[in-house]
Each structure stands twice: as C-alpha cells, then as structure tokens.
Amino acid sequence: MIITVLVSILVFGSVIFIHELGHFATAKLCGIKVNEFSIGMGPALLRHQRGETLYALRLLPIGGYVSMEGEDEESEDDRSFTKAKVWKRFLVVAAGAVMNMLLGFVVLLVLVSQQSAITSRTVSQFAENASTQASGLQIGDEILAVNGRRCFIADDIVYELARTQNATASMTVLRDGEKVELPAVQFSTQELEDGTTGMVIDFKVLPIEKTPLNVIKEAGLWTCSLARMIFLSLIDLVTGRVAINNLTGPVGIVTVISEAASIGWEPILLILAMITINLGIFNLIPFPALDGGKLFLLLVEGIRRKALPEKYEIYINLAGFAALICLMLFVTYNDIARLITG
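Bear in mind the structure is a predicted one, so any value in this text is a computation, not a measurement.

J.: Can you help me understand the overall build of the protein in this one?
T.: Regarding its fold elements, the protein presents nine helices and 10 strands. In terms of overall dimensions, the protein has C-alpha extents of about 75 × 50 × 40 Å along its principal axes. Across the protein, every contact between residues at least 6 apart in sequence was considered, and the portion connecting residues at least 24 apart equals 64%. Of the roughly 19,400 Å² of accessible surface on the protein, a fraction of 63% belongs to carbon and sulfur atoms. Charge-centre separation for the protein: the mean point of 27 positive side chains lies 8 Å from the mean point of 34 negative side chains.

What follows is the structure, encoded as structure tokens:
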C-alpha cells in the first residue's frame, strides 16, 4: 500500500508538474507576470515567495495551477496576461499540453532503449496453413496501414485488428518498393476462455537493429501511436462504440499503478507515458475550461481582432468546469463500484 501511494503520487505529481511548468516557463519567457506556481490543490503544505512569484506545494495531488496576473480578474499591470499579444497567450496556454507530450516521448525513449530489439512491421514468417498468407499477405511485406489507419509501430497492427468487427481486415503494405492494397486479408478465429471469439495473428515480424537513431525514431512513432489511440478512444466514446462506463478516473488509475508496481518499473513508466500523453491530448480538446477551449477563444480573438466580452468568457468557463466536475464524479463512482464488485 505504501509503495502504491508513493508511486501514484510520483506519477500524478510528475504529470501535473511538467504540465504547469510548461505554462509557467512560457509565461516567464513571454514577459507575463506569474503570481503563483502551485502543485496540488487545497491547503498549502509548503510555501516560498521568490521575487514576484509564490511557489506552493498543496495537500491534494490532483491538480495544480499557474496564476498569472490578470488571467481571472481585471488588471492594469502592463505585464498582465490579458495585455499580452494573442500569439504569446496562445503559446502559454498550449505549452502545458506540449510539455506533457514531450514527457511522454522522453519516457518512451527510456523504454525503447531498454528493449533488446525494436519490433518492425515487416512480415518475416507465417504459421503453417496461415489464413493471412492464403489471402494475399507475403513474407517481406511491410504493413503500412490496417483498415485505412496508418500503423506507426507494430502494436498499432494489433490494436487495429482488435478494433476489427470481423475476421477480415484491409491492409496497405509496401512490397518491393511499391504500395499494394490488400482489401480482404482473412484471419483465423478461436474461441477464448470468456466464450467470445478472437482473431489469430498467424504471422511474425522482423526485429530492427537498435541504433541511437532507430531508438529515437521508435520513441517518436510510439508517442504518435499513443496520441492517436487516445484520440480514437475518445471518438469511440462519443460515437457509442465504447460504453462510457469504461472510463477510468484517478481511483482506477491508482489500481492499475498498484498492479504495475508489483511487476516492475517498466510497466509504471508505460503508465506514466500513457497518462501524460492522455492529459496532453485531452487538454487540447476545444471544450470550455480546458486549455483547448481557451485556445479556441484565443483563435477567435485573433481572427476577430477583438476579445469576447469577459462576462461571456466567464460563463462559458464556468459551464465547462461544472461539466468536468460532473464527469469526474461519474468516473470516480464507476471506479469505486468496480473495486467493490471486483
């Protein structure tokens, strides 16, 4: 339990810190006055005033904030947030999500560097009587896309096949330097322990030599893969393909971290990468109270060359914040219910 708590605080703290650091550092570089840089919410455990900025560590590790002059109130200070040029404010707001993505890339870089080899997307051999080979796939084919979606890394192939509604998938492969479309690659199926039917991947792929350049490239592609997977998951939720009950909040994440901690540090790092990239993508959604909502309003201001009336912006953000609180309560209830029911 102690290890789980410490690891959870470290994971959440790292994600929150790097996000707020992005806002903070960019605001400072743009000449905007920062009144407070806080990690955590609620009562302050530690406070330190340095220059014009108060640095605080607060009790609840569920968030953080960078309080900039004039961001939430009127200010006549020339260095206030609202008096800064639109492009500077845009950079400040976007910097949090960018730093989350950068943290994800660095963590994945560490994970890839620890692998004995990098898995490619090039078919190296087939199982005996392989259905995929019989339906057109060949040794040496580099799988570029499955069901119309680009595969950045080998895991994308598995992910896209898992999303396939039947045992047939379309593939785009690179064969002898040319793109070849395989509209109906057939997979064998088998009955799983839970009674459902699963597809059988009846081919193997080649390893890639682990050079510094290949490690950096794989980490970058893995980052793109996770970002795209999170985006597709959000689309699945909106379209109803995945039930909203499958959403997981902080309680559920702590449970996953507990399981990962019992295995080793690599699963914990993978969870950290997924959480920080998830936060980066989620924050860029153009929804009120999120960074994406603020970016949208700044984009509108840049086009109109005139800011929205402050009272309307406050109403929009309050409505978005209330919706986010309701969503958080819902996913927390789901997490607790899953813990109770097992």
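J.: Sorry if this is basic, but what is going on with unusual backbone geometry here?
T.: Residues other than glycine predominantly adopt negative phi, and peptide bonds predominantly adopt the trans conformation. Positive phi is not limited to glycine here, since Asp 176 has a value of about 55°. As for its position among the elements, Asp 176 is in the loop between strand 6 (168-175) and strand 7 (178-186). By relative accessible area, Asp 176 is classed as exposed at 78%. Unlike most non-glycine residues, Arg 305 shows phi in positive territory, near 60°. Positionally, Arg 305 belongs in the loop between helix 8 (291-304) and helix 9 (310-341).

J.: Where do I start with the packing of aromatic side chains in this structure?
T.: Throughout the structure, instances matching the rule amount to five aromatic pairs. Here Phe 24 and Phe 37 contribute two aromatic rings whose centre-to-centre distance is 5.0 Å and whose plane-to-plane angle is 55°, an arrangement assigned as tilted. Of this pair, Phe 24 sits in helix 1 (residues 2-29) while Phe 37 sits in strand 1 (residues 34-50), and the two are 13 residues apart along the sequence. The rings of Phe 17, Phe 24, Phe 37 and Tyr 55 are connected pair by pair, giving a single aromatic cluster.

J.: Even after reading the chapter, I still don't get the pattern of salt bridges, so can you show me in this structure?
T.: A side chain of one charge can pair with a side chain of the opposite charge if their charged atoms are brought near each other. Under the defined criterion, the tally for this structure stands at nine salt bridges. The partner of Glu 52 in a salt bridge is Arg 79, with the nearest N and O atoms 2.9 Å apart. Taken together, the residues span a long stretch of sequence, with Glu 52 in the loop between strand 1 and strand 2 (53-68) and Arg 79 in the loop between strand 2 and helix 2 (86-114) at a distance of 27 residues. A relative accessible area of 29% means that Glu 52 is categorised as partly exposed. Overall, the relative accessible area of 33% leaves Arg 79 in the partly exposed class. The network of salt bridges with shared partners includes Lys 28, Glu 52 and Arg 79.

J.: Before we go on, may I ask you to explain the environment of Val 107 in this structure?
T.: Looking at the element boundaries, Val 107 is found in helix 2. C-alpha separation for the pair Val 107 and Glu 266, spaced 159 residues apart in sequence, amounts to 9.8 Å. Beyond its immediate stretch of four places on either side in the chain, Val 107 contacts Leu 269, Leu 272 and Ala 273.

J.: Looking at this structure, how should I read the packing of helix 2 against helix 5 (residues 212-239)?
T.: For any two helices packed against each other, one specifies the inter-axial angle together with the distance between the axes. Running from amino to carboxyl end, helix 2 crosses helix 5 at an angle of 130°, the nearest separation of the two axes being 8 Å. It follows from the interaxial angle that helix 2 and helix 5 lie oblique. Between helix 2 and helix 5 lies a crossing whose hand is right-handed. Mapping the contact onto sequence places Met 101, Gly 104, Phe 105, Leu 108, Leu 109, Leu 111, Val 112 and Ser 113 in helix 2 and Val 215, Ile 216, Glu 218, Ala 219, Gly 220, Trp 222, Thr 223, Leu 226 and Ala 227 in helix 5.

J.: Teacher, can you tell me more about helix 4 (residues 154-162) here?
T.: Given 3.6 residues per helical turn, the α-helix brings residues three or four places apart onto the same face. Along helix 4, the residues classified as buried are Ala 154, Asp 156, Ile 157, Glu 160 and Leu 161. Along the axis of helix 4, the buried positions cluster into a sector of 155°, meaning they face one direction only. Against the buried residues of helix 4 lie strand 3 (118-126), strand 4 (142-146), strand 5 (149-150), strand 6, strand 9 (197-200) and helix 5.

J.: Any chance you could explain a nonpolar patch on the surface here in plain terms?
T.: A cluster of nonpolar residues, Met 41, Leu 45, Leu 46, Leu 57, Leu 59, Leu 60 and Ile 62, forms a patch on the protein surface that exposes about 650 Å² of accessible area. Those elements that provide at least two residues to the nonpolar patch are strand 1 and strand 2. Broken down by element, the residue count for the nonpolar patch peaks at four residues, all from strand 2. Structurally, Leu 60 is set in strand 2.

Cut-offs applied
- Residues numbered from 1 in each chain as written.
- Predicted model: local features only at pLDDT ≥ 70, side-chain atom pairs only at ≥ 80, totals over all residues.
- Heavy atoms only, no water.
- Helix = DSSP H or I, 4+ residues; strand = E, 2+ residues; numbered from the N terminus.
- Contact = heavy atoms within 4.5 Å.
- Areas by Shrake-Rupley, 256 points an atom, 1.4 Å probe, with all protein chains shown as cover.
- Lys, Arg positive; Asp, Glu negative; His and termini not counted.
- Charge placed at Lys NZ, Arg CZ, Asp CG, Glu CD.
- Buried < 20%, exposed > 50% of the residue type's maximum accessible area, 1.4 Å probe, protein only.
- Phe/Tyr/Trp six-rings, centres within 6.5 Å; stacked < 30°, edge-to-face > 60°.
- Salt bridge = Lys/Arg side-chain N within 4 Å of Asp/Glu carboxyl O.
- Axes fitted to C-alpha atoms, helices over the stretch in contact; angles between N-to-C directions.
- Parallel < 35°, antiparallel > 145°, perpendicular 65-115°, else oblique.
- Left-handed = near helix turned anticlockwise from the far one by under 90°.
- Arc of directions from axis to C-beta.
- Patch = residues over 30% accessible without salt bridge, like charges linked within 9 Å, V, L, I, M, F, W, Y side chains within 5 Å.

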